[in-house]
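# Tertiary structure, described
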Amino acid sequence: MNHQESLTAYIAAFVSELVLTGITDVVVSPGSRSTPMAMVMAEHPDLKVHIHVDERSAAFFALGMAKAKNKPVAILCTSGTAAANYFPAIVEAKYSRIPLLVLTADRPHELREVGAPQAIDQLHLYGHQVKWFADMALPEKTNEMLRYARTICARAAAIATQAPAGPVHLNFPFREPLIPKMDESLFELSERPQGYVRVNNGDITLSEEEFKEIAAELTGKDKGIIVCGNIADEKFAKAVTKLGALLNYPILADPLSQLRSGTHSFENVIEGYDTFLRNEDAKSFLKPDVVLRFGAMPVSKALTIFLKENHDAAQFVIDGGGGWRDPSALSTNMIFCNETYFCEKLLTFMAANPSSAFIDDWRKVNQLTKENMAVIRDEKELSESKLFYQLAEMLPDEATLFVGNSMPIRDLDSFFLSNNKSIKVMANRGANGIDGTVSTAIGAAVYTKSLYLVLGDLTFFHDLNGLIAAKLYDIDIRIILVNNNGGGIFSFLPQSEHPKHFELLFGTPLNINFEHAVKMFNGHYTKIATWDQLADLLKQSHQQKGIHVYEVETKRDRNRDEHREFWRSVSQEISNLVNGAQE
């Protein structure tokens, strides 16, 4: 049996099984050593192959698709530093629990550590950032090795989706020659053509006795709050709002919880907490006895501090991924159970809480905050706070909003209020980095409706080459570029009190004319002059094709002062309300 036959049969068996596991998308970065896998993948009729020349951007592009589909996507690259460029996206995939199947080609064993070109140590290259790693055997056509290739494939896909979802790495050593033998029988499977091994991943759950114990612990606890972070389950919103209504608990809804937009009840949803939890009177007035927390850690630092200050409260962390989301070591009960199922099941064991005084206090403070926030609408100049305050109004129904890190995600948390539109909100909040944001958003745009990306100038610059995917594959994306010429988040941090080297080390103004960069990718660029202009453009945007960038210029210092003045004025109003209620 010759080398080409062995190479072809082995890879074809793997790719066939890949499709049978349900994976339909693979992002390939061109290279020599990965040739056999790439050629066989391109030949499979049920596999969509997306070519992306930059491995770093390619991995984030795949991450975006996997995030939007909530299903694994494969990425393939050649040997050497190409594989190293996957690292940032793999880290984000791990911490944001996104399933990725990472396939790297490698030199065969005899060419490792002997000075061969384009060869690095790829064994456990990603360390603990992947859920599982396998250095694949060299290709053979024996029945045993074809079973091996198919079994490893099925196992890897299952592990990637198993809670908590995440990346899995398979490293493929290939000997030359690298050209497979393509014929009509390439994907014929003589054994188990419906899939070699099926893996069933079940949800983590609790026994009825455990639910009864939790219900007993919550019974009589009138002063409770529900905190919801990033959760992807579409059924969660209705389940948790029903639980909140039964318990009469306020629901502090992070923008990534998908609770600020939709058709569920908003009666108990609280969204102004990032503003009013900066006020000491409010924090004392709204002190809880119990906390139920779902999903990832919330964006708001004010909320995180509030939870830390209430360390005496019973704090239940419900995590369907079986992780340990408790950075402040506050939890009294760590509950590993599917979040939606937990809410639905607990409803059957809990009696309605007749006391409404606590939820009424939260509603009053939240309403006062939103009433004071309305003054932002009168702002004539372009500002970051007004942009996020008006976003829900300006975006079409069923839009997907992808938000960059640093200031944009924080302003979204502060100013994006509840609305009846079905706006899905996404962000890369696993490792909270700014890298790969454009690529991730464009990947998500492949499988979402009307995607809008809002990000800062540094984040945009950091991943400008991600626009190439939108150009090559005619992916529609609308980008609102908030340009304050530097790192706006640092103006809110202690570094800003040391002005001597602030601009050099943290302000980092780029002074870039982004219009030229956008047009390089055949994009359409508009410099926004007025709020009416932006509103009109966004109203028409869902009909527009291609890349559209709307640049909103703001000033860092003015943005900082505007935020602080708003927080100060609202804080005074809240103190008056709280002190009046306590007299």
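Attention here is on the structure that accompanies the text. Throughout, residues of each chain are indexed from 1 in the direction in which the sequence is written. A pLDDT threshold of at least 70 governs which residues receive local features in this predicted model, and a stricter bar of 80 or more applies before side-chain atom pairs are shown or counted, although totals over entire chains, interfaces and linings include all residues. Processing note: side-chain calculations cover all non-hydrogen atoms of the structure and skip hydrogens and water entirely.

### Overview of the pattern of salt bridges
Here, a salt bridge means any side-chain nitrogen of Lys or Arg that lies within 4 Å of a carboxyl oxygen of Asp or Glu. Taken as a whole and assessed by the stated rule, the structure comprises 25 salt bridges. Between Arg150 and Glu17 there is a salt bridge, with the nearest N and O atoms lying 2.7 Å from each other. Of this pair, Arg150 sits in helix α6 (residues 143-161) while Glu17 sits in helix α1 (residues 3-20), and the two are 133 residues apart along the sequence. Each member of the pair Arg150 and Glu17 is classed as buried. For Asp319, the salt bridge goes to Arg97, with nearest N and O atoms at 2.7 Å. Placement of the pair is Asp319 in the loop between β11 (314-318) and β12 (333-335) and Arg97 in the loop between α5 (87-96) and β4 (100-106), with a sequence separation of 222 residues. A helix here means a DSSP run of H or I that spans at least four residues, while a strand means a run of E at least two residues long, and both kinds are numbered starting from the N terminus. Each residue gets one of three labels from its accessible area relative to the maximum for its type: buried under 20%, exposed over 50%, partly exposed in between, using a 1.4 Å probe on protein chains only.

### Things to note about helix α7 (residues 208-218)
All buried positions along α7 are accounted for by Phe211, Ile214, Ala215 and Leu218. Axial view of α7: buried residues confined to an arc of 100°, hence all on one face. Residues of α7 that are exposed and angled more than 90 degrees away from the buried face: Glu213 and Ala216. Any two residues having at least one pair of non-hydrogen atoms within 4.5 Å are treated as being in contact. Turning to α7, the residues buried within the fold contact β10 (290-294), β11, β12 and α12 (339-347). A positive phi of about 85° marks Gly220, the residue just after α7. Each C-beta atom gives one direction from the helix axis, and the arc is the one those directions make.

### Focus: the sheet that holds strand β2 (residues 48-51)
Should DSSP find at least two bridges between two strands, the strands are regarded as paired. An order of β2-β1-β3-β4-β6-β5 is seen for the six strands of this open sheet, with the pairing classed as parallel. Edge positions in the sheet fall to β2 and β5 (132-135), since each of these pairs with one other strand and no more. Ignoring strand direction, the axes of neighbouring strands in this sheet form an average angle of 20°. Sheet topology note: the β4/strand β6 (residues 167-173) ladder contains seven bridges and is parallel. Opposite Asp106, over in β6, you have Pro173 as the bridge partner. Orientation is described by axes fitted as lines to C-alpha atoms, over the contacting stretch for helices, and by angles from 0 to 180 degrees between their N-to-C directions.

### Structural notes on the packing of helix α3 (residues 55-69) against α5
Pairs of packed helices are described in terms of their axes, by the angle between the two and the distance that separates them. Their axes nearest at 8 Å, the elements α3 and α5 cross at an angle of 25°. In terms of axis orientation, α3 runs roughly parallel to α5. Note on packing geometry: the crossing formed by α3 with α5 is right-handed. In contact with Ala59, Phe60, Leu63 and Lys67 of α3, α5 contributes Pro88, Ala89, Glu92, Ala93 and Ser96. Of the residues contributing to the contact of α3 with α5, the split by class is six nonpolar, one polar and two charged. Angles are sorted into four bins: roughly parallel if under 35 degrees, roughly antiparallel if over 145, roughly perpendicular if 65 to 115, and oblique for all others. Helix crossings are classified by the rotation of the near helix relative to the far one: an anticlockwise turn of less than a right angle makes the crossing left-handed, while a clockwise turn makes it right-handed. Each residue is assigned to one class: nonpolar for Ala, Val, Leu, Ile, Met, Phe, Trp, Tyr, Cys and Pro, charged for Asp, Glu, Lys and Arg, and polar for all the others, Gly among them.

### Thoughts on the pairing of strand β3 (residues 73-77)
Along β3, five of the five residues are buried, which leaves the element largely enclosed by surrounding structure. Bridge count between strand β1 (residues 25-28) and β3: three bridges; the pairing is parallel. The residue of β3 that forms the bridge with Val27 is Ile75. Across five bridges, the pairing between β3 and β4 is parallel. Looking across to β4, one finds that Cys77 is bridged to Thr104.

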